[in-house]
Amino acid sequence: MNESLLISIIIGISIASVPLIFAAIGELVVERSGVLNLGVEGMMIVGALLGFVVQFHTGSPFIAVLAALLGGMAIASIFAFLTQFLLTNQVATGLALTLFGLGFSAFVGRGYTEETIQLITSTHIPVLSDIPIVGPLLFSYNPLVYLAFFMVYLVWWFLFKTKQGLILRSIGDNHDAAHAIGHKVIRYRVMAILFGGAMAGIGGAFLSLVQVPIWGEDMTAGRGWIALGLVVFSSWQPFRVILGAIIFGGITILQLHAQGFDIRISAQYLSMLPYLATIIILVSLRMRAKNKTNRTMPNCLGRIFHSTT
Amino acid sequence: MSNIRLTSILKLSLLSAVLAFTSNVFADPVKAAFVYIGPTGDHGWTFAHDQGAKYVKEHMGDDVVITTVESVAENSDSERTITSLARKNDIIFTTSFGYMNPTIKVAARYPDVKFEHATGYLRPTDNISTYSARFYEGRHIIGKLAGKMTKSNVIGYIASFPIPEVIRGINSAYLAAKSVNPDIQIKIVWVYTWYDPGKEADAANALIAQGADIIMQHTDSTAAMTVAEETEGVYAFGQASDMGAWGPTSQLTGIIDDWGPYYLARVQAVKDGTWASSDTFDGIAEGMVEFAPMANMPKNLASWAERTISAIGNGYIHPFTGPINKQDGSPWLAEGETAPAYPDLLTMDFYVEGIDSKYPN
Amino acid sequence: MIRLIPRIENSNAMILLSPLLALTFTVITAYFIFASILVDIEVSSVFYTLFVEPLTDSYYISELLVKAAPLMIIALGLSIGFRAGVWNIGAEGQFVIGGIAGSAVGLYFYDVEGFWIIPLMSIAGILGGMFYASIAAFLKTKYQVNEILVTLMLTYVAVLFLSAMLQGPLRNPSGFNFPESRIFHDSALLPIIWQGTRVHIGLIIAILFSFVIWFGIKRHMLGMQIKITGSAPRAAKFAGFDDNKTVWFSLLISGGLAGLAGLFEAAGPAGQLTPGLPQFYGFTAIIVAFLARLHPLGILFSASLIALTYVGGENVQIDYDLPSSITQILQGMLLFYFLACDILIKYKVVLFKTIR
């Protein structure tokens, strides 16, 4: 296998993993605070739509991404309001969010299926991009790709190196105790949910702005659900999200390349591996010693917090 | 009232009645419906069918009322959509293979409605017709162009499902390319979908990474064309329609499915009362397969391609002319023998000799 | 400032009113959203086509029942688990596996006639769904692994498995290599109960199950166990109710019913096994269950309401050239409002000024 093919494959996998990284890192923060938001798919597709529409009308990728971010936050706020203030069931509310997001985006996007926009795949950094091998591999990506990796670092830093991050994690592990100490459980959770929405929105916009310059109903094709599995796969550890996204995103790319090489592994069985691996990881997490509390699931994940005041 | 007046009125009434009867069987506009598997915005398969529907409207004006339904999934719900249309329309075009059984079921319940099933092969009741196009003639042209334009000698082919129509396309393109360029190699990637821009783009990128500098597709979106446009030195072909807008410097030509004249003929036949069940398999000669303008190539190559198109149209060239062996070496067509439509072409389930990839399943 | 004050006891008026309130809010909000975006279309006629027209036509009523039946069956199974706090989100996967299992039996006997084939297929469907759900049950009881994530991941695996089966062992050998199975022969097709339509025996089974489950929960000890385990887990343990048994029971029954629904879909309206088998019934059924507040008889109504939006939505697509996914907006909104209005049962909304 020659080196330019290898570079192509690595670049392809990196690009495929970006939407997953955004969506998963956002949901990771949400779940760390103890909330399970199944509406990731809905938030992503709204981001994809808004990014496409705004880019089409303004021609500015920056504004488009911003719009997608705000859009994701906006519909996440519905989820936040319902689950944190009206104390609704998180599973049902998350599903409703997905449905609403899918329907809303298809509906608003119906006039845009025949349009196309300027594709913004790569950037050219003078000098750096021109270095052989390393240049295309590291320095020629679209800014959003770098942003994705940066967000992972930022989330890690926030969760494990700041006081607020510690509080958020403690809320996720024991919201009653955290409340007793005086931490504002609801406030942290709402902020987390909004952050999750913003990230999912950007992740969706990446699809319609960078990967393929087309808008289509359901173009997220289940990536939101994959992101949910990714969060678990990563054991709620930020850097592992990258690993997981590369595996999930990479499998499709590798499977296409394998066909080109005439390697005869059934595409379907190969595609099953990441999901099965997630389940195995879940089991192994439980089987490990329980004293490493930051390696297990946030205890309060999915449970409704009932304020007693 | 005088007798003369009464007689005049009677004569006039009789004349009107006779005129009404002898004029078109359908004085009301014909109602035609089209069921699409994807969005018309795919600028591929569905777009081409929609252009056909528009052609009918253009030529028949107020004599026809057209209803179109997009993105109808190939599952048990499609039967309901087709039924809803059957209740209000005189002729229905179901434009994908997967609608076969629902079409047949509904046709049995609505014997007075005409059904036209694209790429199908069953006509159990006499109100069903099937139709398809000899796309492989188009593949022959793009195969030859690919053979001449490639510098890397690798053609990348994005294939959807291993059904005869797709296999025909691959074989035809390969044979044509090989006939002008003996060093040509073809790499085939199966994406198992008709329309998924993301996946199609990924497949195109993978093929390019593996050395292909010409991309062909049997999928419905413009994604691969945009990838080719993005990539230096890579050319592609429009699928089912002219995708030049997405590939101004990379589209060499495109195979255009021209359904308009066929659709017009069928709808007109319903209006005239002459519609009958038929099976159509037309190509270049009949105008069903057409081409986007030749572009991004030397002028003499373009003229050569045009001449080859005419040659197919006049019957001088048949894309499947022996000697051709199957991939396993066994003989298929003898010297000078051309492949019959049935069973060879319509049930084609083998690669021709020279294609390296293993046949799927 | 708006405050939620817990009521001393649940408001009975609100139990009946809140769904109606939710429906009203949904229609109003949807009206405004549609009106602002669909500038050239009369929104009220869209709503008429969506909600009312199907009910005026016996064909569409029959199709409504065809779509409602699988939703009912799956939702009934899910509701049992949800009451106990067992969240089976992967009913879609169990639906698919059950469909594959049942269809495989029918295809195996494709040249044999007999009245016993359908029951055998149904049992295969139930067992297939049960087996698939049992994976989650095992992992939860043995390793305390969250069943939401396991069942969700397994759904993906199931859909991929369907694709693999249809390209391989279950593909029609004389079907031009399309990834579809043979058309089921007569003995493998579900009996139709409403002649001239696609309404099959699945509807009767659904209604029957609904009553059986209703009685079961009211009368049977297991029903009470499930209720209490859901609302007061510690008390349940104290009383000696076996948590593990509840988990197994809930997952097996929801998996089995989902699998049966899958077989009914393949052997009923579809008449063959195709890649189009998964139609998100497994997820929609979760909505159906919630809208009915997990009540078995209520599920019959909420399933019909959701089925109505599907059938109406398709007609809107045909008549107004709107994407059929507008149905999803309505379903999403309906659930949002329903969940929100539900709060009124337990809490009273009070406005009061903050005292400085």
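Coordinates for the structure precede this section.
Since this is a predicted model, take the numbers as computed values, not measurements.

Student: Just to check I follow, could you spell out the overall build of chain B for this structure?
Tutor: Broken down by element type, chain B carries 11 helices and 14 strands. The burial tally for chain B puts 60% of its 361 residues in the buried class. Of the contacts made within chain B by residues no fewer than 6 positions apart, 65% connect residues no fewer than 24 positions apart. Surface exposure of chain B reaches about 13,900 Å², of which carbon and sulfur atoms provide 53%. Side chains of chain B give 27 positive and 41 negative charges; the mean places of these two sets differ by 5 Å.

Student: For this particular structure, what's the right way to read the interface of chain C and chain A?
Tutor: By a frequent convention, interface size equals the accessible area lost on bringing the separate parts together. Taken together, the contacts link 47 residues of chain C with 44 residues of chain A. Counting each side, the surface lost to burial between chain C and chain A is near 4,200 Å², with a carbon and sulfur contribution of 81%. Considering only the surface of chain C that becomes buried against chain A, Met-153, Tyr-156 and Phe-336 of chain C emerge as the three largest contributors, covering 17% of it. On inspection of chain C and its partner chain A, the count reaches 0 salt bridges.

Student: I'm lost on the packing of aromatic side chains in this one. Help?
Tutor: Taken as a whole and assessed by the stated rule, the structure comprises 46 aromatic pairs over all chains. Here the aromatic rings of Tyr-351 of chain B and Tyr-359 of chain B are separated by 5.1 Å at their centres, their planes lie at 75°, and the arrangement is edge-to-face. With relative accessibility at 1%, the residue Tyr-351 of chain B sits in the buried group. Measuring from centroid to centroid gives 5.3 Å for Phe-109 of chain C and Trp-116 of chain C, while their planes differ by 85°, and the two rings are edge-to-face. Judged by its relative accessible area of 22%, Phe-109 of chain C is partly exposed. Put simply, the rings of Phe-34, Tyr-36, Trp-45, Phe-93, Tyr-131, Phe-135, Trp-259, Tyr-262 and Tyr-263 of chain B pair up and form one aromatic cluster. The ring of Phe-350 of chain B is capped by Lys-326 of chain B, whose NZ or CZ atom sits 4.5 Å from the centre of that ring.

Student: Quick question: what am I supposed to make of the packing of helix α3 (residues 77–88) of chain B against helix α4 (residues 100–109) of chain B here?
Tutor: Geometry of a packed helix pair, given as the angle between the helix axes and the separation of the axes. Residues and elements named next belong to chain B. For the pair α3 and α4, the least separation of the axes is 9 Å and the interaxial angle reads 35°. For the element pair α3 and α4, the recorded crossing hand is right-handed. Where α3 abuts α4, its residues Ser-78, Glu-79, Ile-82, Thr-83 and Ala-86 lie against Pro-102, Thr-103, Lys-105, Val-106 and Arg-109. Counted by class, the contact of α3 with α4 contains 4 nonpolar, 3 polar and 3 charged residues.

Student: Honestly, the sheet that holds strand β7 (residues 185–190) of chain B in this entry has me stumped. Any pointers?
Tutor: Strands belonging to one sheet form pairs held by backbone hydrogen bonds; the direction of such a pair is parallel or antiparallel. All names here are of chain B. Pairing is mixed in the open sheet, where 6 strands are placed in the order β7-β6-β8-β9-β10-β12. Strands with a single pairing partner mark the edges of an open sheet, and in this sheet they are β7 and β12 (289–291). Along the sheet, successive strands turn relative to each other by an average axial angle of 20°, direction set aside. One ladder, built from 4 bridges, connects strand β6 (residues 154–159) with strand β8 (residues 214–217); its direction is parallel. The partner of Ile-158 across the bridge, within β8, is Gln-217. Of the strands in this sheet, β6, β7 and β8 touch helix α7 (residues 197–209), which is tilted by about 160° from β6.

Student: For this particular structure, what's the right way to read the pairing of strand β2 (residues 64–69) of chain B?
Tutor: Within a regular beta strand, the side chains point alternately toward one face of the sheet and then the other, so they alternate between its two faces. All names here are of chain B. When strand β1 (residues 30–35) meets β2, the two strands line up parallel, connected through 6 bridges. Counted as the bridge partner of Ala-32 is Ile-66 from β2. Each parallel crossover has a hand, and for β1 linked through helix α2 (residues 45–60) to β2 it is right-handed.

Student: Help me out: how do you make sense of the interface of chain B and chain A in this one?
Tutor: The interface is formed by 29 residues belonging to chain B together with 20 residues belonging to chain A. For the pairing of chain B and chain A, the buried interface totals around 2,100 Å² over both sides, and the portion due to carbon and sulfur atoms is 54%. Inspection of the chain B/chain A interface yields 0 salt bridges. Taken together, the elements giving at least two residues each to the side of chain B that touches chain A come down to β7, α7 and α8 (223–230) of chain B. The element contributing the most residues to the side of chain B that touches chain A is α7 of chain B, with 8 residues. When grouped by side-chain class, the residues that make up the side of chain B that touches chain A number 14 nonpolar, 9 polar and 6 charged.

Student: Got a minute to help me understand the nonpolar core in this structure?
Tutor: Note on soluble globular proteins: their nonpolar side chains tend to be buried together. Grouped together as the largest cluster of nonpolar side chains are 201 residues, with contacts concentrated most on Phe-34 and Ile-74 of chain C. When residues of this core are assigned to their parent elements, the largest contribution, 15 residues, is made by helix α3 (residues 58–83) of chain C. Excluding residues within four positions of it along the chain, Phe-34 of chain C makes contact with Phe-107 of chain A together with Val-43, Val-46, Phe-47, Ile-326 and Ile-329 of chain C. By size, the runner-up hydrophobic cluster in this structure holds 97 residues, among which are Ala-107, Ile-155, Ala-269 and Met-297 of chain B.

Student: How do you make sense of the side chain of His-257 of chain A when you look at a structure like this?
Tutor: Examined against the element boundaries, His-257 of chain A turns out to sit in helix α11 (residues 238–260). Residue classification places His-257 of chain A among the buried positions, given a relative accessible area of 3%.

Student: Teacher, can you tell me more about the sheet that holds strand β4 (residues 114–118) of chain B here?
Tutor: All names here are of chain B. In space, the 6 strands of this open sheet follow the order β2-β1-β3-β4-β5-β11, with parallel pairing throughout. Each end of this open sheet is capped by a strand with a single partner; those strands are β2 and β11 (279–282). Across this sheet, the average inter-strand angle for adjacent strands is 15°, counted without regard to direction.

Student: I'm lost on helix α6 (residues 164–180) of chain B in this one. Help?
Tutor: Every α-helix carries 3.6 residues per turn, so stepping three or four residues along brings you back to the same face. Across its 17 residues, α6 of chain B extends 25 Å between first and last C-alpha, which sits within 8% of the 24 Å expected from 1.5 Å per residue. For α6 of chain B, the tally of buried residues reaches 14 of 17 residues, placing the bulk of the element in the interior.

Student: Is there a simple way to think about the environment of Ala-73 of chain B in this case?
Tutor: Within the fold, Ala-73 of chain B resides in the loop between β2 and α3. With residues near it in sequence (within four places) discarded, Ala-73 of chain B still touches Ser-78 and Tyr-99 of chain B.

Calculation criteria
Residues numbered from 1 in each chain as written. Chains lettered and ligands numbered in written order. Predicted model: local features only at pLDDT ≥ 70, side-chain atom pairs only at ≥ 80, totals over all residues. Heavy atoms only, no water. Helix = DSSP H or I, 4+ residues; strand = E, 2+ residues; numbered from the N terminus. Buried < 20%, exposed > 50% of the residue type's maximum accessible area, 1.4 Å probe, protein only. Contact = heavy atoms within 4.5 Å. Areas by Shrake-Rupley, 256 points an atom, 1.4 Å probe, with all protein chains shown as cover. Lys, Arg positive; Asp, Glu negative; His and termini not counted. Charge placed at Lys NZ, Arg CZ, Asp CG, Glu CD. Buried area = accessible area lost by both parts, 1.4 Å probe. Salt bridge = Lys/Arg side-chain N within 4 Å of Asp/Glu carboxyl O. Phe/Tyr/Trp six-rings, centres within 6.5 Å; stacked < 30°, edge-to-face > 60°. Lys NZ or Arg CZ within 6 Å of the ring centre and 35° of its normal. Axes fitted to C-alpha atoms, helices over the stretch in contact; angles between N-to-C directions. Left-handed = near helix turned anticlockwise from the far one by under 90°. Nonpolar A, V, L, I, M, F, W, Y, C, P; charged D, E, K, R; others polar. Pairing = 2+ DSSP bridges. Right-handed = clockwise from strand over helix to strand, strands pointing away. Core = buried A, V, L, I, M, F, W, Y, C linked by side-chain atoms within 4.5 Å. Expected span 1.5 Å × (residues − 1).

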